[in-house]
Each structure stands twice: as C-alpha cells, then as structure tokens.
Amino acid sequence: MAVERNILISILKLTKSGPAAKELVARDANVPAQVTEEVLKKFRDAELVKLKDRTIEASSNQRAKIAIHAIKSGADFERVCRVLEWIEFENLAATAFEANNFAVKRRFRFKWAQRRWEIDVLGCREPLIACVDCKHWSHGWRGSAIRKAAEAQALRTKVLAEALPSLQKKIGLFQWRQATLIPVVLSLVPGPLKFYNKVPIVPILQIQNFLNELLAHATALTHFRAYF
C-alpha cells in the first residue's frame, strides 16, 4: 500500500506539466523500476493513467482520481493538495459546465456594498447562474469547515444577485430578463455533508451528475433571484 501511495504522489508531482518518464517516477518514489512498472500497469487498468513506452500521462480528470485514490490509500491530505493544484479543480469545473452548454466566467471579481468580492467559477445558462467555490482543501475538511464554506458562498451569491442588474453586460447576460443564482461548494472528496442549508457540497468527480440534475432541482436548493 505504501509503495502504491508513493508512486501516486510522484505521478501527481511529475505530470503537472505533461507526460513524465517512468524512470523519474520510480526514482522520485524511491521504488525499484520493475515494481514501479507493475504498479503502473495496475493504475493503467484502473484508468488512472495512460502508459506509453517510457512515459506516463494523466489528464486533469485522471489527476483528480489519482489524488482521491492516494488519500483513500492513506496519503497525507495536505501533501496531496500541495501537488494537485487548486487551478485544476477550477479547470475541471469550468470544463464540465462548458460541456453542458453553460457560458463560464472564471475568477469573477466585482464590487458591491463597499467591498470586493470574487467567485471562482460562474456557470451561466438561462435562467440559471451556478456560483461555484473551488475550495483549496485542508486536513480539517469536516462538518464545521463545510458549514463555514457553504455560508460564505451563500453570502457571495446573495451579494452577486443584488449587484447583478449592474453587471448584466459584464457577465454577458444581454437578453436575460431574470436569473436564478445558486451557490455551490466544490470539494475534492465526499465529506460528511452533501448539503448545508440547502447549499450543495459537490465532490469534483460527481459534478457531471450534479449538472444533469441541476435544472430540475434548482429551486429546491438555496437560490437567489435577480431581475433585469
């Protein structure tokens, strides 16, 4: 188990910018090359990586799966989060929204009520706007942290709903007459709560299922309305 865990962490470290040499993974994990090769074939069969003659490839989605697998194997939570970058969660979320015909704004910043606000990802498909907080997780991702994150995202979403009429053109909602804004917290692994005060807590690998059901269940979630 420790061997597999170390190899998983090394793959995450070395595939950040593209394919990595098998030799480098073995060296970084401090595991013999032959053992590394056997473990990599196991990971390939589990669709965690792609193997070529001398290199390993891992897509963003695979890297998220690798991170979850490493944590389930006992890897230190914060160590995994250091090698799986926050921006990767944002990219996965944005890609999923775009694949479902949402227009996406990343790191959307605005001013309202004498404060600056930022929402990691806005997914817009009339009349819905999903306001996503991509958490950079820490070891304390427990009930209290989830509640705090959900409350903070609900507040950001409420403020955006108030400000939205003045931001209509900036976001690109040119023909919209109204919008329903929904706060969402995106997490790495499933936590003890799926919702807090009807704010959904969505594990990254379940985002497609969430989007499939969002339109049907939007008004059952915490939401805020804006009119133009």
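What counts, and where the lines are drawn
- Residues numbered from 1 in each chain as written.
- Predicted model: local features only at pLDDT ≥ 70, side-chain atom pairs only at ≥ 80, totals over all residues.
- Heavy atoms only, no water.
- Salt bridge = Lys/Arg side-chain N within 4 Å of Asp/Glu carboxyl O.
- Helix = DSSP H or I, 4+ residues; strand = E, 2+ residues; numbered from the N terminus.
- Buried < 20%, exposed > 50% of the residue type's maximum accessible area, 1.4 Å probe, protein only.
- Pairing = 2+ DSSP bridges.
- Phe/Tyr/Trp six-rings, centres within 6.5 Å; stacked < 30°, edge-to-face > 60°.
- Lys NZ or Arg CZ within 6 Å of the ring centre and 35° of its normal.

### What about the pattern of salt bridges?
With the rule as written, the count across this model stands at 10 salt bridges. A salt bridge links Glu-37 to Lys-22; the nearest nitrogen and oxygen atoms lie 3.3 Å apart. Of this pair, Glu-37 sits in helix H3 (residues 33–45) while Lys-22 sits in helix H2 (residues 22–29), and the two are 15 residues apart along the sequence. A salt bridge links Glu-23 to Arg-27, with the nearest nitrogen and oxygen atoms 2.9 Å apart. Of this pair, Glu-23 and Arg-27 both sit in helix H2, four residues apart, which is roughly one turn of the helix. Comparing Glu-23 with Arg-27 shows no difference in burial state: the two are exposed.

### Some words on the sheet that holds strand E1 (residues 20–21)
An order of E1-E3-E2 is seen for the three strands of this open sheet, with the pairing classed as antiparallel. At either margin of the open sheet sits one strand with a lone partner, and together these are E1 and strand E2 (50–51). As defined by bridge partners, E2 adjoins strand E3 (residues 55–57) across two bridges and the pair is classed as antiparallel. Pairing of Lys-50 across the sheet is with Glu-57, part of E3.

### A closer look at the packing of aromatic side chains
Applying the stated criterion across every chain yields a total of two aromatic pairs. Here the aromatic rings of Phe-97 and Phe-102 are separated by 5.1 Å at their centres, their planes lie at 85°, and the arrangement is edge-to-face. Accessibility assignment for this pair places Phe-97 and Phe-102 in one class, buried. The ring of Trp-117 is capped by Arg-115, whose NZ or CZ atom sits 3.8 Å from the centre of that ring.

The values are spatial; any link to function lies outside them.
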